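What the coordinates show
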2 protein chains.
Amino acid sequence: MADAAVRPHRPATSRRTPAGGAPRAPHTPEEASEARIDVAAVTDLLLGTWGETRREAREMIKDPAFWQVAGMPMDQHRERVLTQLHLLVEAGGSRRAFPTEYGGLDNNGANIAGFQELVLADPSLQIKSGVQWGLFGSAVHQLGTKKHHDAWLPGIIDLSIPGAFAMTETGHGSDVAALGTTATYDPATEEFVIHTPFRGAWKDYLGNAALHGKAATVFAQLITGGVDYGVHCFFVPLRDDEGNFLPGVGGEDDGVKGGLNGIDNGRLHFDQVRVPRFNLLDRYGQVAADGTYTSEIASPGRRFFTMLGALVQGRVSLDGSATTATALALYISLTYAGQRRQFDSGAGTDEVTLLDYGKHQRRLIPLLAQNYAQFFAHDELLKKFDGVFSGRTDTSEEREDLETLAAALKPLSTWNALNTIQESREACGGSGFLAENRMVDLHHDLDVFVTFEGDNNVLLQLVGKRLLADYAAQFKGADTAALAKFAVGQTAGRVFHGAGLRQLGQAVADFGSTARSVELGLRVEQQHELLAGRVQQMVADVAGALRPASKLSRAEAAALFNRHQSELIEAGRAHAELLQWEAFSDGVARIDDEGTRRVLTWLRDLFGLHLIEKHLAWYLINGRLSAQRASAVSRYIDRLTSRLRPHVQDLVDAYGFAPEHVRAPIASGAEQRRQDEAREHYRRLRESGEAPVSEKSLKKK
Amino acid sequence: MADAAVRPHRPATSRRTPAGGAPRAPHTPEEASEARIDVAAVTDLLLGTWGETRREAREMIKDPAFWQVAGMPMDQHRERVLTQLHLLVEAGGSRRAFPTEYGGLDNNGANIAGFQELVLADPSLQIKSGVQWGLFGSAVHQLGTKKHHDAWLPGIIDLSIPGAFAMTETGHGSDVAALGTTATYDPATEEFVIHTPFRGAWKDYLGNAALHGKAATVFAQLITGGVDYGVHCFFVPLRDDEGNFLPGVGGEDDGVKGGLNGIDNGRLHFDQVRVPRFNLLDRYGQVAADGTYTSEIASPGRRFFTMLGALVQGRVSLDGSATTATALALYISLTYAGQRRQFDSGAGTDEVTLLDYGKHQRRLIPLLAQNYAQFFAHDELLKKFDGVFSGRTDTSEEREDLETLAAALKPLSTWNALNTIQESREACGGSGFLAENRMVDLHHDLDVFVTFEGDNNVLLQLVGKRLLADYAAQFKGADTAALAKFAVGQTAGRVFHGAGLRQLGQAVADFGSTARSVELGLRVEQQHELLAGRVQQMVADVAGALRPASKLSRAEAAALFNRHQSELIEAGRAHAELLQWEAFSDGVARIDDEGTRRVLTWLRDLFGLHLIEKHLAWYLINGRLSAQRASAVSRYIDRLTSRLRPHVQDLVDAYGFAPEHVRAPIASGAEQRRQDEAREHYRRLRESGEAPVSEKSLKKK
């Protein structure tokens, strides 16, 4: 049958008490007679350091020309998004990151902030913009030198040169260093010969490759004088003005994808394609006319990671756009939950909404807390990114910290996006499955966020390895040195020195916790201690388990490492969760308004307890929580969710979305109007005296 | 950047040891020198009681005419699926459930089994068939009487009367009893007047409503003589032969959905539409010409649930098709994982595949165990369904047990489907996001399974309430009687007597557990004790918490209940998990072949431990596991997954899918061929003496 039936039929006239098992709880802060947030101030807080740019971008995408059209066939969608990119150029939205001499604003933070907001219009638009200006354009900008900027940046910025970022190969996902495409220098003609030696070395999944790309930044093994100098990037023309492949270039369409179908992803291959020596993007490695290779970075591994690190902005950007898309889904599901009366409408006496149900509070409000944490953490990431890329704090330590922070936050925010969007869609039942209510398309489009720009598990493993190296660096003994050496080997030849973690013991101010006894052991200091202590111990445990590696053969050491791979990834995740919690706490500490601070402290506490509950078994096994205190965690969460319930609408209003950003009928107030109409119908029917009596009441007579 | 880089560049020629941290593990049972399963026998086991029908259906859908075409625009997809339904009629696939006198086979179990397999062709085809023959057709069959069968079943079976099942309303999802549509009897004309009194009472989300439906089974409040007799079902013509709405009927298209876009879901409304008295489907309630209402079921609540219960097959069917779709995703991701060499290809010396990584084993193999459990549990559900609907075991106790079992299993298998399909798609990286590899469309199409045919949370709550009632029935005292009364009130007026749970203490044979000391406490009896004990205690805890309800006002009692809603749902989930585990264990106990039994016992153990690990905090808090034993759970799982790794291909081959069912290039062997080609390329290059040397080796000189 189409529906669950869990309640007896009770005709409207016989109803006097709340139906369906839920009590009437306060719906607004006024009803709850307590603190409330300053909604506008919280919007400022969430929009963060580049709030002004975000507001500009949101204003621009109020134009329906930028909106996703549900169900649009792939070919039309691709053309629509290309058109939108041109509109973006006209609106000045494509130039923020580029140097002022090419009409840019040289403002890296604002650039990322502005692009992220496009996810509200259509994630395909955001990601295709990211391909053009964040990947293809960035490769020319960050890996090229002035001569390349002069030649190509103007055309990239104004979209007269749409381009693909040709790094990934079919046979190599995350293993960029081993990719198969070659670029062999021919001194006789001063050209590089770009070549695809086998099918697995085809470039794959590239946006702009199937249709629109006129050129590509192609990553290939640079070979000159019989020596392979590793992966470098080359500017390679792809198509003529009619859109036909140039000689030697071929490819195919990736076809329909799970989402983002406004982007023309495709495959490329090269059959001895010759490009001038000029086309090597040579900021980090140069080839002279005679074929002599030079680089200011002597270590091949370090050079490789420096080049890749210059392209970290993709991950930074995904962290932010996943956070904003998650907010949109929560806005929709929570607004609806505050209006929808599931086992009720028609009674005329009952004010219970979906959000009054214990289960509904439990499934959505902790996700709201998590999303707030992501906003605060993202702003820290973006500030670090801007510091490095503006040159203000461009040290190798800061670059490494930035990469670790991006590698930690991007996996969590993108997975959280999928989980939260899905939970939101399910919480809206059948209406959540209609494309008009946006959540299904958000899920489809963001799905690939968890595996592109670095597979999430691979990124967390990278974080785990850095933690291991930092841990090992604390010690001196021969064993730990060997451990560090091994870990570093696993971390792809890279030494993670730098600042490492935030100081785990740092003081965080405590605000607004109540004095209820069961909560005393779970206040802010304890939350921090539990979260930070877990990271420390997990890292120490993995390090201890790997210690024998130094005495093993390389194969045995690899086997030992493999047995602890999951734990290392979990340690990376724990670290990322701690960073989000710390960012949220720091954000709360900056709030002056008392009501806002109190409510956001509850929300931060909910986030902390939510994390602790997720890992409760670990805390129990490791003796960090007694069984008694552990069982208090869930009860405390229940209390926090019901305490926050009257503030939920304020908290989602604080996202600052306009109707043009939301565009979901179920969050438009239509549900409220339908219910009012139904109530009015039943009220008139009762007053008319013509309402049928119930069979049950008849039997009683 | 597009990819994570986590390894230094090591040119092919310098590689001698496993790369990327994974050791070479046995890939096949031969290599592992141990038991292996009899693949064909396991296929028989998984296909279950109606295996022959399943094989027939799978044979039929080898015809490409039945296959989903990725990215097909909605309008074309809808027409294609309608055409497929006609093909299904021609192949005799639509009649299995119906009486022999209308050309049917009167075989309920085979009918469900056959329909479920259609999910491999296109889930839209499966669900649209379900709408036509499982919902619309079943309503006429199960709620109507001979005169209705004579009038409409032939046209329903041969699809000359495509129909909609008009139960759900926009304003009422799970609350069927309170729906707003009315059917008022007019004795003057001997007609029912079907009417939609307000917008919230529009029928919504109905398959076949937007375009193809010529009639509908409409659920409405039956009013005669000024008395409302509650929800009954009426056969209402919708459209003429040209597809135009009949007078008084209106509606709109639900438009694009998150999946299943081959089905024309839509909305319907009725403005005083008159149908003959004949059109009341009157098996459970009749209206005489003068308007007198009669029913053999005196209680309105019981009558309502009897009518809904007659339509349980939707849930039974979803449990099975979700299980089969999950199997398909696992076949694809695990076959690929056994071929793909991520940080390797080109080396020519390295045999490590994705599936050798600890994390990869951990993320997928427990899901394989879970899917096997679902197959066994589904066959039990289907046998119970067939027993009841064939009349062999048609008692009210068996009907109630059937409904509870369906309410328990459907939520787990549909949620597991989404989780497993998503994990599978992520485990395949970018290639998993291409529609050609099937997993994204499976996720889209199955998404709504978790909220339709009974929202999963609502269903689990229903199970929890039944457990509570069973629990209360064990006692006599006044308090528990009051508790039972309250629980029953919450369970919508229905007394859950019947057989209740399986006997929790039943003996389950123990096979093949090894004698390792840490595993001794986690063998089959302990698994059962832990899983069953958890259900018992959770139910007792909720019952205890609700005990004061009898002394409270109705509103206060509702508030108390609401505070424990999540726990009650969790108790329902725990019960369902136990049922799956028991079914798996019973299935293993029936296996004669020793190798098969041993491997499937490992898999069953993995499933049991996977469940226990999920709820580890509960076991610790409640003193059911010591910290020491709890920490052994994860290590045991790690050992089981690596022990099962060589058997994975056998286990997915045992699903019995043909290439025409899989249709995913990445599971076709193409990956293996690409790698062989790459290896051959590097081998020749080395032998030619023209391979470039690495920069690193150069520096060493």
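All figures in this text were calculated on a predicted structure; none of them were measured in a lab.

With that settled, the discussion passes to the pattern of salt bridges. If you walk through the whole model with that rule in mind, you get 82 salt bridges over all chains. A salt bridge links Glu191 of chain B to Arg274 of chain B, with the shortest nitrogen-to-oxygen separation between them at 2.9 Å. Taken together, the positions of Glu191 of chain B in strand 3 (residues 191–195) and Arg274 of chain B in strand 9 (residues 273–276) put the pair 83 residues apart, joining distant regions of the chain. The exposure class assigned to Arg274 of chain B is partly exposed, which follows from its relative accessible area of 41%. One salt bridge connects Arg362 of chain B with Glu613 of chain B, and the closest N-O pair in it is separated by 2.9 Å. Taken together, the residues Arg362 of chain B in helix 10 (residues 358–389) and Glu613 of chain B in helix 20 (residues 594–614) connect sequence positions 251 residues apart. A single network of salt bridges, built from pairs that share partners, joins Asp204, Glu252, Asp254 and Arg267 of chain A together with Glu436 of chain B.

Attention now moves to the UniProt feature "domain: Acyl-CoA oxidase C-terminal" (unreviewed entry) in chain A. Residues given the UniProt feature "domain: Acyl-CoA oxidase C-terminal" (unreviewed entry) here are residues 525–667 of chain A. As a span, residues 525–667 of chain A carries 78% helix and 0% strand, and end to end its C-alpha atoms are 38 Å apart.

Time to look at the pairing of strand 1 (residues 163–166) of chain A. Residue and element names in this part refer to chain A. A two-sided burial pattern is seen for strand 1, the buried positions comprising Gly163 and Phe165 on one face and Ala164 and Ala166 on the other. Looking at chain direction, strand 1 and strand 5 (residues 215–224) are connected through four bridges and run parallel. Pairing of Gly163 across the sheet is with Ala215, part of strand 5.

Glancing now at unusual backbone geometry. In this structure, Tyr205 of chain A takes a positive phi of about 65° despite not being glycine. Along the chain, Tyr205 of chain A turns up in strand 4 (residues 203–206). Notably, Leu159 of chain B is not glycine yet its phi reads approximately 70°, a positive angle. Owing to a relative accessible area of 4%, Leu159 of chain B belongs among the buried residues under this scheme.

It is common to give the size of an interface as the accessible area that goes away when the parts come together. All names here are of chain A. Domains assigned within chain A are domain 1 (61–311) and domain 2 (314–653). At the interface, 27 residues of domain 1 touch 33 residues of domain 2. Interface of domain 1 and domain 2: buried area, both sides summed, is about 2300 Å²; carbon and sulfur atoms make up 56% of it. Seen at the junction of domain 1 and domain 2, the total is one salt bridge. Note that Glu400 and Arg302 form a salt bridge whose closest N and O atoms lie 4.0 Å from each other. Where domain 1 packs against domain 2, one counts seven residue pairs in polar contact (both at pLDDT 80 or more). In terms of residue count, the dominant contributor to the side of domain 1 that touches domain 2 is helix 5 (residues 108–117) (six residues).

All right, on to the packing of helix 6 (residues 123–143) of chain B against helix 7 (residues 146–157) of chain B then. All names here are of chain B. Packing of helix 6 against helix 7 leaves a shortest axis separation of 9 Å and a crossing angle of 170°. Between helix 6 and helix 7, the angle is such that the two are roughly antiparallel. Contact residues: Gln132, Trp133, Phe136, Gly137, Val140 and His141 in helix 6; His148, His149, Trp152, Leu153, Ile156 and Ile157 in helix 7. A per-class count over the contact of helix 6 with helix 7 returns seven nonpolar, five polar and no charged.

Attention now moves to the sheet that holds strand 4 of chain A. The pairing of strands in a sheet happens through backbone hydrogen bonds and is either parallel or antiparallel. Residue and element names in this part refer to chain A. Spatial strand order, 4-8-7: three strands in an open sheet with antiparallel pairing. One side of each edge strand has no neighbouring strand; the edge strands of this open sheet are strand 4 and strand 7 (249–253). Taking each pair of neighbouring strands and ignoring which way they run, the sheet shows an average axis angle of 25°. Bridge count for strand 7 against strand 8 (residues 266–270) is five bridges, and the pairing is antiparallel.

Reading guide: rules and limits
- Residues numbered from 1 in each chain as written.
- Chains lettered and ligands numbered in written order.
- Predicted model: local features only at pLDDT ≥ 70, side-chain atom pairs only at ≥ 80, totals over all residues.
- Heavy atoms only, no water.
- Salt bridge = Lys/Arg side-chain N within 4 Å of Asp/Glu carboxyl O.
- Helix = DSSP H or I, 4+ residues; strand = E, 2+ residues; numbered from the N terminus.
- Buried < 20%, exposed > 50% of the residue type's maximum accessible area, 1.4 Å probe, protein only.
- UniProt positions renumbered as here; feature names shortened; annotations may be inferred.
- Pairing = 2+ DSSP bridges.
- Domains from an automatic or database assignment.
- Contact = heavy atoms within 4.5 Å.
- Buried area = accessible area lost by both parts, 1.4 Å probe.
- Polar contact = N/O pair within 3.5 Å; in protein donor to acceptor, adjacent residues only side chain to side chain.
- Axes fitted to C-alpha atoms, helices over the stretch in contact; angles between N-to-C directions.
- Parallel < 35°, antiparallel > 145°, perpendicular 65-115°, else oblique.
- Nonpolar A, V, L, I, M, F, W, Y, C, P; charged D, E, K, R; others polar.

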